[in-house]
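# Reading the structure
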Amino acid sequence: MMIPKKKQISNHLIRLSFLGLMISLLLTGVIFFANSSFQKKKQADFASFTNDLFVSSLSSDGLSLHFFLTQPQNYGITLSEYGLGDAYPNYAVEHVQNENLRAALEGFRKKDLTLDEQVTLECLSSIVTANDALCGFPYYDEPLDSIHGVQVELPILLSEYRLQTREDLASYFELIEDVPRLFSDLETYEEQKSAKGLFMPNEVCQEVMKELICFSTEEGLSFLNESFTRRLEQNFPDLDKKELHSLQDRQQELIQTCLIPAYQSLLTCMSRLEETCRYEGGLCHLKNGKAYYEAVVRASTGSDRSLSEIADLISDYRQDSIDKLEIILKKDSDYLSEFSSYQLPASTPEGVLKYLQDETAHDFPSSLETDFQVRQVSPDMQDILSPAFYLTVPLDAASTPVIYINPAKQNSPLALFTTLAHEGFPGHLYETNCSYENAFLPIRYLYEPAGYTEGWATYTELLSYKYSGLSQNAAMIARLQDIIHLSLYASIDLGVHWEGWDADIVYEFLCDYGIVDEALAESIYELVLQSPANYLKYVLGAFEFEEIKKEAQTKYGDAYTDLDFHQTLLRIGPAPFSVIRTYFDTYASSVKSA
């Protein structure tokens, strides 16, 4: 800064001051260029470090690798053989690896990194903290979760395994050949859990056994043959009938000699262990079970709230929604008739998704055009699979996303509409597209907090009523009802696994809200029992987004728009909610300036 002019002798002083300023600027430039060079090196080091982490994370799991990358060699990954990875964690090794990762991350300073790299550093540090907590509970983890367990997801992933080259066919067969080894390791793990008094409750075991029975027969796995033939005909049009039949015979042989025996053996193991559970009910009945549940909630939701704070937040959203619903219904209850007569805005699921793309364009930033497919869950699997699910596309190549709809669990046209919003636009499919367009460091895509991804999909599902074609009040009624119902599930999750609720207490809790169906209460209790913290990923995640929205609306006032808000969230990308809050204003500024 130049010194103000002074009379008579000031000229000289001014001149000296100006010279001093020039020297200062020149020196600053030297330091700036040195710092710039140093920062670029640290940024290159960080990119290299995270790429090595990405490579090592995928190199032991051929199935995950295949779904993430079409050209793994471009990332320095070459597998001599394809396997399904470890059935369960080696806790001692994971603890050491976690500490090594922590030490490596501490070697990077945020001020030396780009904004996106700073977020990545924060995300990885958060993962280290979460893993550190979970490593303190060996054998508490359950890979046979009846909702997202290995036994359920493996057949689906095999049915959607990308088959575009001869190498893909070879690796596909290799993976099926590795299933007996994987399932044998799962048996060992479950036996070790049983010996330590940590085997799953009987109700959960029975659900797992139902799934194993389903996949223990050729009929239960028939969809694999159908999907295999579809992929062959689609991607290998030059195959003659002899070679086509040869490949079909090879898969059928592997189903009979690898898949079915593996499922039958695991079923036998679970039948043997069924009565060995030493506790009943939620995780809190285990030794240190409450602490484990808290660690699971934090790791899976990406929220740093305490369990009591989470319980209060969920209760507040429920009561607020009940109050608003009562006000609307007192004025006019005729809006309820709109639900029974509701018709979808298009005749096909694909048409509904295109409609949603168009209708949400003024509230959500545009993304690259993409094709997509909607398929129905095989009839043999409809009883055991979720209402719908979305399969992520590879990171490094354009691919057609697939959404599966389970018609057995879609009870109305309006439910199908919001389900398609959740899985498609502006939910999972759209969020994945936007995330890929951001071109984050690859490691970001490997460790996405479920609270962000599922929370985003649930948040947008709740928003989707405004695009449904319902009247404004009817759309609000449907949204508020959904919030109430979701909050009940989330409170029951906390009640069962943190407070020790049994099925009777769950029923009493639901009765307080006018739900007096005992069978329904029992069903909800068993669902929550099977997958601790699962509902919190969706519900708490959505409410966290709502809370951040309130904060943004308060801060930006009239300048706030949903479009800017959503663009800012998507620009930050999947991250724990504390990280999103830390960087929200910085990213929001860049969004507004753009």
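Model, not experiment: these values are computed from the prediction. (Residues numbered from 1 in each chain as written. Predicted model: local features only at pLDDT ≥ 70, side-chain atom pairs only at ≥ 80, totals over all residues. Heavy atoms only, no water.)

Between phenylalanine 425 and the following residue, proline 426, the backbone shows a cis peptide bond with an omega angle of 5°. The residue tyrosine 139 is not glycine, and still its phi comes out positive at about 75°. By the secondary structure assignment, tyrosine 139 is in the loop between helix H4 (115–134) and helix H5 (150–159). Here the phi dihedral of alanine 533 falls at roughly 70°; this positive angle occurs in a residue that is not glycine. Residue placement: alanine 533 occurs in the loop between helix H21 (518–530) and helix H22 (534–556). (Helix = DSSP H or I, 4+ residues; strand = E, 2+ residues; numbered from the N terminus.)

Our focus in this paragraph is the sheet that holds strand S1 (residues 373–376). Taking strand neighbours across the sheet as the criterion, the three strands line up as S1-S3-S2 in an open arrangement whose pairing is mixed. Every interior strand has two partners, whereas the edge strands, S1 and strand S2 (388–391), have only one. Each strand of the sheet is rotated relative to its neighbour by a mean of 20°, with strand direction disregarded. Summarising the sheet, S1 and strand S3 (residues 402–405) pair through four bridges and their orientation is parallel. Within the sheet, the bridge partner assigned to glutamine 376 lies in S3 and is isoleucine 405. (Pairing = 2+ DSSP bridges. Axes fitted to C-alpha atoms, helices over the stretch in contact; angles between N-to-C directions.)

Between helix H15 (residues 413–423) and helix H18 (residues 450–463), the shortest axis-to-axis distance is 8 Å and the interhelical angle comes to 145°. By crossing handedness, the relation of H15 to H18 is classed as right-handed. The segment H15 lies against H18, with Thr418, Ala421 and His422 engaging Glu454, Ala457, Thr458, Thr460 and Glu461. Residues of the contact of H15 with H18, tallied by class, amount to two nonpolar, four polar and two charged. (Left-handed = near helix turned anticlockwise from the far one by under 90°. Contact = heavy atoms within 4.5 Å. Nonpolar A, V, L, I, M, F, W, Y, C, P; charged D, E, K, R; others polar.)

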